[in-house]
Protein chains: 4
Amino acid sequence: MIVVMNIDSTAKQIEAVNKQLDKLGFKTHIIRGVNRIVIGAVGDRQAVDSSLEQMPGVERVVPIMKPFKLVSRELQEENSIIDVRGISIGGDSIVIISGPCAVESREQLLAAARFVKKAGAHILRGGAYKPRTSPYSFQGLEEKGLQLLKEVSLETGLPTITEVIDEYSLERALNYVDILQIGARNMQNFRLLKKAGQTGKPILLKRGMSATIEEWLMAAEYIMCEGNDKIILCERGIRTFETYTRNTLDLSAVPLVKRLSHLPVIVDPSHATGDRQLVLPMSQAAIAAGADGLILEMHPEPGKALCDGAQSLDPGELVRLMEQLHKMMPAVGRYMAQ
Amino acid sequence: MIVVMNIDSTAKQIEAVNKQLDKLGFKTHIIRGVNRIVIGAVGDRQAVDSSLEQMPGVERVVPIMKPFKLVSRELQEENSIIDVRGISIGGDSIVIISGPCAVESREQLLAAARFVKKAGAHILRGGAYKPRTSPYSFQGLEEKGLQLLKEVSLETGLPTITEVIDEYSLERALNYVDILQIGARNMQNFRLLKKAGQTGKPILLKRGMSATIEEWLMAAEYIMCEGNDKIILCERGIRTFETYTRNTLDLSAVPLVKRLSHLPVIVDPSHATGDRQLVLPMSQAAIAAGADGLILEMHPEPGKALCDGAQSLDPGELVRLMEQLHKMMPAVGRYMAQ
Amino acid sequence: MIVVMNIDSTAKQIEAVNKQLDKLGFKTHIIRGVNRIVIGAVGDRQAVDSSLEQMPGVERVVPIMKPFKLVSRELQEENSIIDVRGISIGGDSIVIISGPCAVESREQLLAAARFVKKAGAHILRGGAYKPRTSPYSFQGLEEKGLQLLKEVSLETGLPTITEVIDEYSLERALNYVDILQIGARNMQNFRLLKKAGQTGKPILLKRGMSATIEEWLMAAEYIMCEGNDKIILCERGIRTFETYTRNTLDLSAVPLVKRLSHLPVIVDPSHATGDRQLVLPMSQAAIAAGADGLILEMHPEPGKALCDGAQSLDPGELVRLMEQLHKMMPAVGRYMAQ
Amino acid sequence: MIVVMNIDSTAKQIEAVNKQLDKLGFKTHIIRGVNRIVIGAVGDRQAVDSSLEQMPGVERVVPIMKPFKLVSRELQEENSIIDVRGISIGGDSIVIISGPCAVESREQLLAAARFVKKAGAHILRGGAYKPRTSPYSFQGLEEKGLQLLKEVSLETGLPTITEVIDEYSLERALNYVDILQIGARNMQNFRLLKKAGQTGKPILLKRGMSATIEEWLMAAEYIMCEGNDKIILCERGIRTFETYTRNTLDLSAVPLVKRLSHLPVIVDPSHATGDRQLVLPMSQAAIAAGADGLILEMHPEPGKALCDGAQSLDPGELVRLMEQLHKMMPAVGRYMAQ
């Protein structure tokens, strides 16, 4: 940690900061520059909160260490590989999750699941509890939706993932699905993160719409702190000034996060772009950038979808996308999970 | 609602969209332009979800109506005025909420409350459940903090506000404080919004860090849908590329939201700027922009604060700020609440 | 400057960085932390470019000093006051610049100028060279517009300001107006900045739509480096995700820049909001935040404006705004310039 | 164009808007909704500026048509292919541009060019006029740099590209290089765009740091309006809140712009990320997203670069990147240009 003192800080103020750092267990080094005095402090950043910046004479405090620990690549050099009923996420193989935005009915979900399986994708997604911007929009089938996910999973053999939006839906979902998804809006719902950490289940943690990479990794740290290391990160676009796409897919985050952390990273091009026609090129781009998998919205009949129809692939489009991915994966040293 | 058809859409496609709109209860008008056919549709926007955009030949759907209803100024022309133990929020008078980021101890809170009262501010704030980016940071005293708020409120007569971060803390807080705050990170925690709506208590709803004004008002709509119209909106800065301030305080949102909605709007310059020295000028600016109040962090000894010390006023600064506000309010047609 | 070494950097790499810093004239201090070695380097930051970050073993380089010098408050403690034909900008008095987006005709400009004067504003604005997003939009009257500005200035006695968009228009404008404006799109047109610096004329430098405060001050530094210290900074809104307003007016930048720099700062609420109804509240807010003046679009008949009609005040609105400002200024320790 | 009237607009106001639209040559259709009256207007959007929004009773004006014409895919269905000394940009083959950020010396540039050629890249880049944030940074060798580009081009046979930053440098560069680059900071320097349009030379037009896709295409429209259709668009990252990368590479813009426009699109992963280690994965991702080429910073000795060393590949890294691209291109239906 570096403490930069004001240009007009006094010897007494410097002394006070030095003492305070000493008290907090830091070893200090005073560096006298031409215009500024800077204090280098060696110790545990967690020991300091914001009080230091408040001390008279202090201009600012510059942290040196990254704040995340358990999720960091420095702690664990090799990739974490998450096992979901025999499917590995985070190794050399690529995992494709697909299915409708929302579970709408047994027929719809089963039809979707069969298309997912036939196309060669690995895991079925389907929303039972839907976080919707408007209270007047369809909010999901709730527990009924979870039951359908379970039934369809038994019938098709596909593992399943669903979003949980609070402690209640998390507890319900535990018994029905294989992966719990924490959505962008809940990335800093810390209570939910802690609960997710206590389940021991695989957690797919989406990046918040305006979350920095550091905040995203800190959210994962919350889960891991509770003893659950089965975390799959998911980049799904960030909010920027550009409005032609729903969000801006930040693909650079993929290789960057994989450098900073040992956790697997997958990409959601459907929510990121909000535009069905962009899903194929951005899926290819995600894999080329190093993603460990994709989560893709697909609806048996997108024109009748109760939500997010505009970004859902139809079954034929999913097949073509899978074929195209099969073709390109070996060229970037990856292969489709079995 | 306006449906813009593709440049190469066929007569059959136009016919199909027309029929679908008819089925959804819309009255349609076809407008033939030079390059485009556009269909004007009159009816209830809530009846349509995203399926229309998915129909062959449709380029895009342009909504005309705003999606919020209950919170809108069109529904209720006069200002909503929220009563908090005799203090009115949303009328001509200005309400000042102040206190520490976190409740740390009985001594600290009581000292803070006495300074708040002495300075002439109206409501005491204090965090008992703290949403923190890092799991390693101080997370609040939880129920113990709520008890202290109650005790100090009884002792000083000040009404209180505290942040709730999930259903559990909401239920706890109900018995201890006068206003429940929903923070920026939970603005789209829809379950929490619904629960808040069911309490009937005054709710302070902070704008999400990357929430549009429309999303913010839709979040308020969630609360109001449940029958609770005691909502106070709070602008607290949005996330932008600028890093010199913690967030970018969007003061234009104040007069804009007051035009769109009948709800009161207050401003939090402490969190928006993250910089104690900016709190005075931005407090003045907020009132000049039309805000109905302020929420200001103040700590008896900012240098010892367990969180957000850098943005906390000390007691003397709060006094000076109140004096300055007293001076300027009449010049913009407002006065300090008694 | 702080050089943070990689967790696995070798003694040899540290030695090499140390030597390089020595060669660049820096005095170094090695700080050995638990996980990291950090090198504190004292010297002239300008001596280093990016090569240091490229050296093996270096994780990152953290600058300590601000990069701007001549414009900085550290160099000159007292406010710069710019004189424009007897009107002082940057002192205690507030200066109001007003007029149409574009000069359209002699009649229009003269009418505007008379309203500006009658309302008690101080300087006439009018665009002769218009930077327009579309090549099909009205591009301004060019030199004819400059001549009209001169004529109307002679007739009314008002000083004038106009935007220059390249070296050519800058050279033309020199003979016709009192202040040269460099617009948001040209804030990093460095050639134009240098030329502006060579004129010795007062320069109004708008902040770029996505410029950080640091970049903005560095742009001013370009002008001042050429020997011209008559610089007026102008905050005019930054680009964010919010679309209800044209841009997001960053009023916190006003007190912040005035802390960092000795230059005057004015605010343009017209372009920032793009919404006539927001101009009055945001003008008040700007003054309350500490701005030294305002630049306001006004058109004799906004409904007939060739550009930016939606954000232009009409003459009556300007009068009411001036009256309101007169009332509030003393309450924040300012007064209207004579 | 759709004109939405206020909820309380009067019959007289509606009549007036109708008349005004009629006068502007629009055919109108009045649509009476439950709460609102909406006027559909068919005609040439360019005929209207902002005056309509100013008319009493008008809430807002919603444009239907895209504002760009000449660059649009609607006007020209097939891809534009730009020929640069026998190299085609915009067809099935991929073009790689590489070289140093700045031309520093004959030795440096010649060394770089030889590495570029040996690696199999096609065009040499090198900056002679450098737009730098700080006036104290290296500003380029200017005309001397152009001469070196010419000499090295003659010696190696590589076509060249350099950035022009104003009319003066544009006129100089015309005689020395094959492609003129307009940088992000000048994307809305309209005078420069017009001049570039008049040269008839291939123009590489970078997207502005905060430019929407629409503004970017309108900037290209400026060039094409002047009769120059040899335009190569270049995505180089946009400014967002994320600071771990220099900018946020918006790869979704690639397939999106290729859908909206017939112009070729290339990608600059070096400036977008500012991080050498991200250049390979993001290069692959760009090609997978449908880019027609890449522009990559490479320096013979990055550790000694006068600018942007941190993002420059070294010669070995360029070779490995080219090998990797060779391998993956066929998998996405592309091949390396010869």
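Every value quoted in this text rests on a predicted model; they were computed, and no experiment measured them.

1. Here we look at the overall build of chain A
Line of reasoning, step 1. Helix and strand counts for chain A come out as 11 helices and 15 strands.
Line of reasoning, step 2. Summarising its shape, the C-alpha atoms of chain A cover approximately 75 × 45 × 40 Å along the three principal directions.
Line of reasoning, step 3. Split into buried and exposed, the 338 residues of chain A put 67% on the buried side.
Line of reasoning, step 4. A separation threshold of at least 6 residues defines the contact pool for chain A, and within that pool the share at least 24 residues apart is 67%.
Line of reasoning, step 5. With the model as given, the accessible surface of chain A reaches about 11300 Å², and the carbon-plus-sulfur share is 48%.

2. Quick word on the relation of the copies chain A and chain B
Put simply, the second copy of the chain is the first one after a rotation about an axis and a shift along it.
Line of reasoning, step 1. Overlaying chain A with chain B gives an RMSD of 0.1 Å, the required rotation being 180° about an axis along which the chain moves by 0.0 Å. Both copies are brought into coincidence by an operation consistent with a two-fold rotation axis. By C-alpha distance to the rotation axis, the residue of chain A lying nearest is Ser 210 of chain A, at 3.0 Å.

3. With respect to the relation of the copies chain A and chain D
Line of reasoning, step 1. Overlay of chain A on chain D (RMSD 0.0 Å): rotation 180°, translation along the axis 0.0 Å.
Line of reasoning, step 2. The fraction of interface residues of chain A whose copies in chain D are also interface residues reaches 100%, indicating that both copies meet through the same surface.

4. Some remarks on the interface of chain A and chain D
Line of reasoning, step 1. Listed per partner, the contact involves 40 residues of chain A and 40 residues of chain D.
Line of reasoning, step 2. Interface of chain A and chain D: buried area, both sides summed, is about 3100 Å²; carbon and sulfur atoms make up 65% of it.
Line of reasoning, step 3. If you look at where chain A meets chain D, you find four salt bridges.
Line of reasoning, step 4. For the salt bridge of Arg 259 of chain D with Asp 275 of chain A, the shortest nitrogen-to-oxygen distance reads 2.6 Å.
Line of reasoning, step 5. Counting every contact that joins chain A to chain D gives 12 residue pairs in polar contact (both at pLDDT 80 or more).
Line of reasoning, step 6. Contributing elements (two or more residues each) for the side of chain A that touches chain D: α7 (213–225), α8 (253–260), α10 (276–289) and α11 (315–328) of chain A.
Line of reasoning, step 7. Per-element tally for the side of chain A that touches chain D: the top contributor is α10 of chain A, with eight residues.
Line of reasoning, step 8. Tallied by class, the residues present in the side of chain A that touches chain D amount to 21 nonpolar, 10 polar and nine charged.

5. Focus: the side chain of Glu 163 of chain C
Line of reasoning, step 1. One can find Glu 163 of chain C in strand β9 (residues 160–164).
Line of reasoning, step 2. In this structure Glu 163 of chain C touches Tyr 129, Pro 131, Gln 181 and Gly 183 of chain C, once residues within four positions along its chain are discounted.

6. What to know about the side chain of Asp 275 of chain A
Line of reasoning, step 1. Structurally, Asp 275 of chain A can be placed in the loop between α9 (269–273) and α10.
Line of reasoning, step 2. The contacts of Asp 275 of chain A, once residues within four sequence positions are left out, are Ser 270, Ala 310 and Gln 311 of chain A together with Leu 256 and Arg 259 of chain D.

7. Thoughts on the pairing of strand β10 (residues 179–182) of chain C
All names here are of chain C.
Line of reasoning, step 1. Neither face of β10 is left uncovered, since the one carrying Ile 179 and Gln 181 and the one carrying Leu 180 and Ile 182 both have all their residues buried.
Line of reasoning, step 2. Bridge count for β9 against β10 is four bridges, and the pairing is parallel. Across the sheet, Val 164 pairs through a bridge with Ile 182, a residue of β10.
Line of reasoning, step 3. Handedness of the crossover joining β9 and β10 through helix α5 (residues 167–174): right-handed.
Line of reasoning, step 4. Bridging between β10 and strand β11 (residues 203–206) involves three bridges; their strand directions are parallel. Its bridge partner lying in β11, Ile 182 is registered against Leu 205.
Line of reasoning, step 5. Tracing the backbone out of β10, into helix α6 (residues 190–199) and back to the parallel element β11 gives a crossover that is right-handed.

8. Here we look at the domain arrangement of chain A
Line of reasoning, step 1. When cut into domains, chain A gives domain 1 (2–62) and domain 2 (82–336).
Line of reasoning, step 2. Measuring from the centre of the C-alpha atoms in domain 1 of chain A to the corresponding centre in domain 2 of chain A gives 45 Å.

9. Points about the interface of chain A and chain B
Note: interface size is frequently given as the accessible area lost on complex formation between the parts.
Line of reasoning, step 1. Contacts between the two partners involve 49 residues from chain A and, on the opposite side, 51 residues from chain B.
Line of reasoning, step 2. The three residues of chain A that bury the most area against chain B are Gln 54, Tyr 136 and Arg 191 of chain A, which together make up 18% of that side's buried surface.
Line of reasoning, step 3. Counting the contacts that link chain A with chain B gives four salt bridges.
Line of reasoning, step 4. Note that Glu 215 of chain A and Arg 239 of chain B form a salt bridge whose closest N and O atoms lie 2.6 Å from each other.
Line of reasoning, step 5. Across the chain A-chain B interface, the total number found is 19 residue pairs in polar contact (both at pLDDT 80 or more).
Line of reasoning, step 6. Put simply, the parts of the chain that give the side of chain A that touches chain B at least two residues each are α2 (51–54), α5 (167–174), α6 (190–199) and α7 of chain A.
Line of reasoning, step 7. If you tally residues by element for the side of chain A that touches chain B, the top one is α7 of chain A, at five residues.
Line of reasoning, step 8. When the residues that make up the side of chain A that touches chain B are grouped by side-chain class, the tally is 19 nonpolar, 15 polar and 15 charged.

10. A closer look at the environment of Glu 142 of chain C
Residue and element names in this part refer to chain C.
Line of reasoning, step 1. Note that Glu 142 resides in the loop between β8 (123–125) and α4 (143–156).
Line of reasoning, step 2. Judged by relative accessible area, Glu 142 falls into the partly exposed class, the value being 35%.
Line of reasoning, step 3. Ignoring anything within four residues of it in the chain, the contact list for Glu 142 reads Ala 128 and Tyr 129.

11. Regarding the sheet that holds strand β3 (residues 37–42) of chain A
All names here are of chain A.
Line of reasoning, step 1. Spatial ordering of the open sheet is given by β2-β3-β1-β4, a layout of four strands whose pairing is antiparallel. Two strands bound the open sheet, and with one partner strand each, they are β2 (27–32) and β4 (58–62). When the angles between neighbouring strand axes are averaged without regard to direction, this sheet yields 20°.
Line of reasoning, step 2. Pairing analysis gives four bridges linking strand β1 (residues 2–5) to β4, with the strands arranged antiparallel. Considered in β4, the bridge of Val 4 is made with Arg 60.
Line of reasoning, step 3. Packed on one face of the sheet, helix α1 (residues 11–23) meets β1, β2, β3 and β4 and runs near 5° to β3.

About the thresholds
- One numbering rule holds for all chains: residues counted from 1, following each sequence as written.
- Whichever chain is written first is A, and whichever ligand is written first is 1; the rest continue in order.
- Given that this is a predicted model, residues contribute local features only at a pLDDT of at least 70 and side-chain atom pairs are listed and counted only at 80 or more, while totals for whole chains, interfaces and linings are drawn from all residues.
- Note that the side-chain values use all heavy atoms of the structure and ignore hydrogens as well as water.
- The numbering of helices and of strands both runs from the N terminus, where a helix is a DSSP run of H or I of at least 4 residues and a strand a run of E of at least 2.
- Buried means the residue's accessible area, taken with a 1.4 Å probe over protein chains only, is under 20% of the maximum for its type, while exposed means over 50%, and partly exposed covers the values in between.
- What makes two residues a contact is simply this: any of their non-hydrogen atoms within 4.5 Å.
- To be clear on the numbers: accessible area is Shrake-Rupley with a 1.4 Å probe, and residue cover counts the displayed protein chains and nothing else.
- A least-squares fit on C-alpha atoms brings the copies together, and the residues used are those whose pLDDT is at least 70 in both copies.
- Accessible-area loss on putting two parts together, using a 1.4 Å probe and summing over both, is the definition of buried area adopted here.
- Salt bridges are counted wherever a side-chain nitrogen of Lys or Arg sits within 4 Å of a carboxyl oxygen of Asp or Glu.
- Throughout this description, a polar contact denotes any pair of N or O atoms lying within 3.5 Å of each other; where both atoms belong to protein, one of them has to be capable of donating a hydrogen while the other can accept it, and for residues adjacent in sequence the pair is counted only when both atoms sit in side chains.
- Gly is placed with the polar residues, together with every amino acid not listed as nonpolar (Ala, Val, Leu, Ile, Met, Phe, Trp, Tyr, Cys and Pro) or charged (Asp, Glu, Lys and Arg).
- Pairing between two strands is assigned when DSSP locates at least 2 bridges connecting them.
- When the strands point away from the viewer, a crossover counts as right-handed if the route from the first strand across the helix to the second turns clockwise.
- The source of the domain bounds is an automatic or database domain assignment.
- Angles here are taken between N-to-C directions and fall from 0 to 180 degrees, while the axes themselves are lines fitted to C-alpha atoms, restricted in helices to the stretch in contact.

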